[in-house]
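Structure assessment
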Amino acid sequence: MGEYGEDQRLDHVFTAMADPTRRAILARLAHESARVTELARDFPISLNSTSKHIKILERAGLVVRTINGRDHVLSLNAAPLAEAAFWVRHFESFWEGRLAALDELVSTRRNARKEE
């Protein structure tokens, strides 16, 4: 499903989304852009650790950095999330079929027990 470059982008997005701190950073940026130092204050980790999380988000293309003098302002770029959502939706019909089969199995067993 796609070329290697697309797969690598998805790998970066899913890696970035795997960490709760990075998801919280994205949630914060969904409301408004913020300076790196502002973001760092929102989390109980060091500025250095926050910067490492931001670099992972940037590599995934989820965060865009704009430099204004000494201020580094971060903004959310949701386009890679849309790509990831599209990839997940590709498997939706598969899981719906599996869940429907499971529901059928559970219902059949439940009805069989009632008849006993």
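Residues numbered from 1 in each chain as written. Predicted model: local features only at pLDDT ≥ 70, side-chain atom pairs only at ≥ 80, totals over all residues. Heavy atoms only, no water.

**Remarks on the overall build of the protein chain**
In terms of regular secondary structure, the protein chain is built from six helices and three strands. Counting from the amino terminus, helix and strand elements in the protein chain follow one another as α-α-β-α-α-β-β-α-α. Relative to the globule expectation of 13 Å for 116 residues, the C-alpha radius of gyration of the protein chain, 21 Å, shows a markedly less compact shape. Judged by the C-alpha coordinates and their principal axes, the protein chain covers about 75 × 35 × 20 Å. With 116 residues in all, the protein chain has 22% of them scored as buried. A sequence separation of at least 24 residues applies to 52% of the contacts in the protein chain between residues at least 6 apart. Total accessible area computed for the protein chain in this model is approximately 8300 Å², and 54% of it derives from carbon and sulfur atoms. (Helix = DSSP H or I, 4+ residues; strand = E, 2+ residues; numbered from the N terminus. Rg over C-alpha atoms; globule rule 2.2 N^0.38 Å. Buried < 20%, exposed > 50% of the residue type's maximum accessible area, 1.4 Å probe, protein only. Contact = heavy atoms within 4.5 Å. Areas by Shrake-Rupley, 256 points an atom, 1.4 Å probe, with all protein chains shown as cover.)

**Comments concerning the packing of helix α2 (residues 20-31) against helix α4 (residues 47-59)**
Relative to each other, α2 and α4 sit at 70 degrees, their axes nearing to 10 Å. With respect to each other, α2 and α4 are oriented roughly perpendicular. Contact with α2, carried on its side by Thr-21, Arg-22, Ile-25 and Leu-26, involves His-53, Ile-54, Ile-56 and Leu-57 of α4 and no other residues of that element. The class makeup of the residues in the contact of α2 with α4 is five nonpolar, two polar and one charged. (Axes fitted to C-alpha atoms, helices over the stretch in contact; angles between N-to-C directions. Parallel < 35°, antiparallel > 145°, perpendicular 65-115°, else oblique. Nonpolar A, V, L, I, M, F, W, Y, C, P; charged D, E, K, R; others polar.)

**Looking at the sheet that holds strand β2 (residues 63-68)**
Within the open sheet, the three strands sit side by side as β1-β3-β2. Their pairing is antiparallel. In the strand order of this sheet, the two ends are held by β1 (34-35) and β2, each with one partner. Where β2 lies against strand β3 (residues 71-76), six bridges are found, and the strand directions are antiparallel. Along β3, the bridge assignment pairs Asn-68 with Asp-71. Sitting on the sheet, α2 touches β1, β2 and β3, and the angle it makes with β3 is about 90 degrees. The sheet contacts of α4 involve β2 and β3, and relative to β2 the element is tilted by about 115 degrees. (Pairing = 2+ DSSP bridges.)

**Quick word on the pattern of salt bridges**
If the charged atoms of two oppositely charged side chains come close together, the side chains can form a pair. Evaluated as defined, the whole model comprises five salt bridges. Asp-42 is paired through a salt bridge with Arg-28; the nearest N and O atoms lie 2.8 Å apart. In this pair, Asp-42 sits in the loop between α3 (36-41) and α4 while Arg-28 sits in helix α2, placing the two residues 14 residues apart along the sequence. Each of Arg-35, Glu-38 and Asp-71 takes part in salt bridges that share partners, so that together they form one network. (Salt bridge = Lys/Arg side-chain N within 4 Å of Asp/Glu carboxyl O.)

Worth remembering: the numbers are spatial, not functional.
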